[in-house]
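Fold and geometry: a report
What follows is the residue order along each chain.
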Amino acid sequence: MTDNHDRGLQFDLATLFGRRRALSLLGGAGLTLVACAPSTTTATSTTTAGSSTTADGSPLEPIPEETAGPYPGDGSNGPNALTQSGIVRSDIRSSFGSSTRTAEGVQLTIDLTVQNDEGKPFAGAAVYLWHCDINGDYSMYSDRVKNENFLRGVQEADSSGKLKFVSVFPGAYAGRWPHIHFEVYPSLAEATKAGNKITTSQLALPETTCKEVYGTTGYTQSVQNMARTSLKQDMVFRDGVDHQMATVSGDVASGYTASLTFAVEG
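This write-up is about the structure you can find in this document. Starting from 1, residues in each chain are numbered consecutively following that chain's sequence as written. Under the rules for a predicted model, residues below a pLDDT of 70 receive no local features and side-chain atom pairs below 80 are neither given nor counted, while totals for whole chains, interfaces and linings still include all residues. Processing note: side-chain calculations cover all non-hydrogen atoms of the structure and skip hydrogens and water entirely.

1. Thoughts on the overall build of the chain
Our working rule: Runs of H or I in DSSP of at least four residues are treated as helices and runs of E of at least two as strands, each being numbered from the N terminus. Here the term buried applies to any residue with accessible area under 20% of the maximum for its type, exposed to any over 50%, and partly exposed to those in between, with areas from a 1.4 Å probe on protein chains only. Contacts are assigned to residue pairs that have any heavy atoms within 4.5 Å of one another.
Counting its regular elements, the chain contains five helices and ten strands. Burial analysis of the chain (266 residues in total) assigns 50% to the buried set. Considering only intrachain contacts with a sequence separation of at least 6, the fraction spanning at least 24 residues in the chain is 73%.

2. What to know about the packing of aromatic side chains
Counted only if it meets this: A pair of Phe, Tyr and Trp rings is counted when the ring centres sit within 6.5 Å of each other, with Trp represented by its six-membered ring. The angle between the planes then sorts it: under 30 degrees is stacked, over 60 is edge-to-face, the rest tilted.
Overall, the coordinates contain eight aromatic pairs when judged by the stated rule. Residues Tyr 71 and Tyr 141 carry aromatic rings whose centres are separated by 5.2 Å and whose planes lie at 65 degrees to one another, so their mutual orientation is edge-to-face. Linking Tyr 71 in the loop between strand E2 (51-53) and strand E3 (107-115) with Tyr 141 in the loop between strand E4 (126-130) and strand E5 (152-156), this pair joins segments that are 70 residues apart in sequence. A residue is classified by how much of its surface remains accessible, and Tyr 71, at 2% relative accessible area, is buried. By relative accessible area, which is 6% here, Tyr 141 ends up buried.

3. Brief notes about the sheet that holds E4
The condition is simple: If DSSP finds at least two bridges between two strands, the strands pair. Axis geometry follows a simple rule: fit a line to the C-alpha atoms, using only the stretch in contact for helices, then measure angles between N-to-C directions, giving values from 0 to 180 degrees.
Within the open sheet, the four strands sit side by side as E5-E4-E7-E8. Their pairing is antiparallel. Of all strands in the sheet, those bounded by a partner on one side alone are E5 and strand E8 (199-204). Strand-to-strand twist of the sheet, defined as the mean angle between neighbouring strand axes without regard to direction, takes the value 25 degrees. Pairing analysis gives five bridges linking E4 to strand E7 (residues 179-185), with the strands arranged antiparallel. Note that in E7 the partner of Val 127 across the bridge is Val 184.

4. As for the pairing of E3
By the criterion of burial, E3 is predominantly enclosed, with seven of the nine residues buried. As judged from the seven bridges shared by E3 and strand E6 (residues 162-168), these two strands associate in the antiparallel manner. Following the sheet pairing, Leu 108 is matched in E6 by Ser 167.

5. A short note on the pattern of salt bridges
The line we're drawing: The working definition used for a salt bridge is a side-chain nitrogen of Lys or Arg within 4 Å of a carboxyl oxygen of Asp or Glu.
Scanning the model with the defined rule gives seven salt bridges in all. Among the ionic pairs, Asp 137 bridges to Arg 144, the shortest N-O distance being 2.7 Å. In this structure, Lys 211 engages Glu 207 in a salt bridge whose closest nitrogen and oxygen atoms are separated by 2.9 Å. Of this pair, Lys 211 and Glu 207 are both found in helix H4 (residues 207-213), four residues apart, which corresponds to roughly one turn of the helix. Residue Lys 211 is classed as exposed on the basis of its relative accessible area, which comes to 52%. Residue classification places Glu 207 among the partly exposed residues on the basis of a relative accessible area of 39%. One salt-bridge network, in which partners are shared between bridges, spans Asp 74, Glu 183 and Lys 197.

What follows is the structure, encoded as C-alpha cells:
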C-alpha cells in the first residue's frame, strides 16, 4: 500500500463535509457563512458558570467543518473502528483486540470541552478522535501499522461537556501541519454504531510545542517535514485556526496537555 496522507485538493474536495472549506477552495471565499465562518480577529473567550462566550458575551461560533482525510477508520473509507469492542476508552496509546502494541512518542493528554451553539455544555456528546503516530502513519491503513488500531478512541462528555484522551504527540508528515482529527456524535450509542455525526473537524498544535517535541528521539523525520510547511500553507488551516488551535502546557519529561473548548451546532 502506498501512503498518501491527506491526498491533496482533489481528494479533499470530494470528501469535504464543510461548506466553508469547499467554498474557499472553489473561489467562494468572499461569501459569508454565519454559522461556520471564522471571525476575522481572534476572539477572547470567557468561561462563566459552565459556559464559554466571546468578549462581546455571545456564544462561541461552531468549530469549522473539516475533511476527515483518507484515514478516518469510521467505515466511510474502508475499515471501521467505531463498531469494534474496545473503541470506547480514554487511553488510546495501545491497540485493542488481537494486538496490544503501544504507540511510541512523547505523552500527550487531550482535554476537550464540547458545547452546543448556545454556549452550554453538551453533556452526553461523544467524540471519536484519531491521529497519526510518531512516523506519520495511521493505524488500520498505513503499511507499517495496518494491523494496529492504536491512536483511535471514543469518549463521552460528562455533565460539564468535558472529556479526555491520553495519547502520544503525533508526528508531522509531508504537506500537513501537525494536527488531530475528531468527529462529534450526539451520543455514545450513535458513535459506536458509526451513526449520524454532528461535525468533523481538526485540532491544530502550536509551533513552539511541536518543535520541542520533534527535538526528541524518534521524531527526526517530523523536523524535516514541519520545516517544509506552515499554517498559511496547510490545506486545512490556511484560512485560520481561531477555533481550532489547542492551548498546550507541560514539557517533554512529564508530557503535555492540549486543551480545546469548542462549540457544535445542535
